[in-house]
Amino acid sequence: MTNEIIKIFRRFLIISIIQILILKYINIGWEGEVHIRLFLYPLFVMLIPINIPRTVIILLAFGFGLLIDMFYDSPGLHTFAFVFIAWFRKLLLKFLEPIEGYKIDSSLTMNNFGFNWFLAYSSALLFINILLYFLFEAFAFQYIPEVIIKTILSFILSEILVILYVIILNPK
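Here is what the cut-offs are and how they apply
Residues numbered from 1 in each chain as written. Predicted model: local features only at pLDDT ≥ 70, side-chain atom pairs only at ≥ 80, totals over all residues. Heavy atoms only, no water. Salt bridge = Lys/Arg side-chain N within 4 Å of Asp/Glu carboxyl O. Helix = DSSP H or I, 4+ residues; strand = E, 2+ residues; numbered from the N terminus. Buried < 20%, exposed > 50% of the residue type's maximum accessible area, 1.4 Å probe, protein only. Expected span 1.5 Å × (residues − 1). Phe/Tyr/Trp six-rings, centres within 6.5 Å; stacked < 30°, edge-to-face > 60°.

Here we take up the pattern of salt bridges. Summed over the entire model, instances satisfying the criterion amount to one salt bridge. With its nearest N and O atoms 2.8 Å apart, the salt bridge here joins Glu137 to Arg37. Of this pair, Glu137 sits in helix H6 (residues 115-138) while Arg37 sits in strand E2 (residues 33-37); the two residues are 100 residues apart in sequence, bridging distant segments of the chain. For Glu137, a relative accessible area of 31% corresponds to the partly exposed category.

So, in structure tokens, the structure goes:
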């Protein structure tokens, strides 16, 4: 268990450094408005092992979301979206459960479950996270078309970033 805590903490440091020091400053847009933001931080919740209790995951997401919000000057937007996917993760895992089931000490990585499973899992959580972020950022129904465009464009590039992270750093 101590080894698992060290892995989680190391992953927290790597993802937060990348998100805060690099991805925060990569905003793609046109006509004076940002349309694409890159989100890597949801990967932190995605890769937490199955044996970690849901309340611990939600508390970790809350703390990490607050950290991201502090650096992004976005009062609670990242925290809300991140806590929601931390809560929703258990439901999604039940839906995506392989026929043979999960091992109690499994890490939710591409190595353990394959590319297609991980793509479905990470895509669902990432899309929900980004959609909630942009919905609450706009906070008005009149901006729904813009929210959808921002969500789709940000999702595509962020999912590529998540897959590259998992392939390059090969978390186990």
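In this model, H6 (24 residues) spans 34 Å end to end at C-alpha, consistent with the 34 Å of a helix rising 1.5 Å per residue. Looking one or two residues beyond H6, the residue adopting positive phi is Phe139, at roughly 55°.

A few words now on unusual backbone geometry. Here the phi dihedral of Asp73 falls at roughly 55°; this positive angle occurs in a residue that is not glycine. Position of Asp73 relative to the elements: it lies in the loop between helix H3 (54-72) and helix H4 (77-95). Of the residues examined, Asp73 reaches a relative accessible area of 67% and is grouped as exposed.

Under the criterion given, the structure shown has 19 aromatic pairs. Between Phe39 and Phe134 the ring centres are 6.1 Å apart and the planes differ by 90°, which places this aromatic pair in the edge-to-face class. In this pair, Phe39 is assigned in the loop between E2 and helix H2 (42-46) and Phe134 in helix H6, connecting sequence segments 95 residues apart. Per residue, the accessibility class of Phe39 equals that of Phe134, and both read buried. Seen from their ring centres, Phe127 and Phe155 are 5.5 Å apart, and the 85° between their planes marks the pair as edge-to-face. One end of the pair, Phe127, is in helix H6; the other, Phe155, is in helix H7 (residues 144-169), with 28 residues separating them in the sequence.

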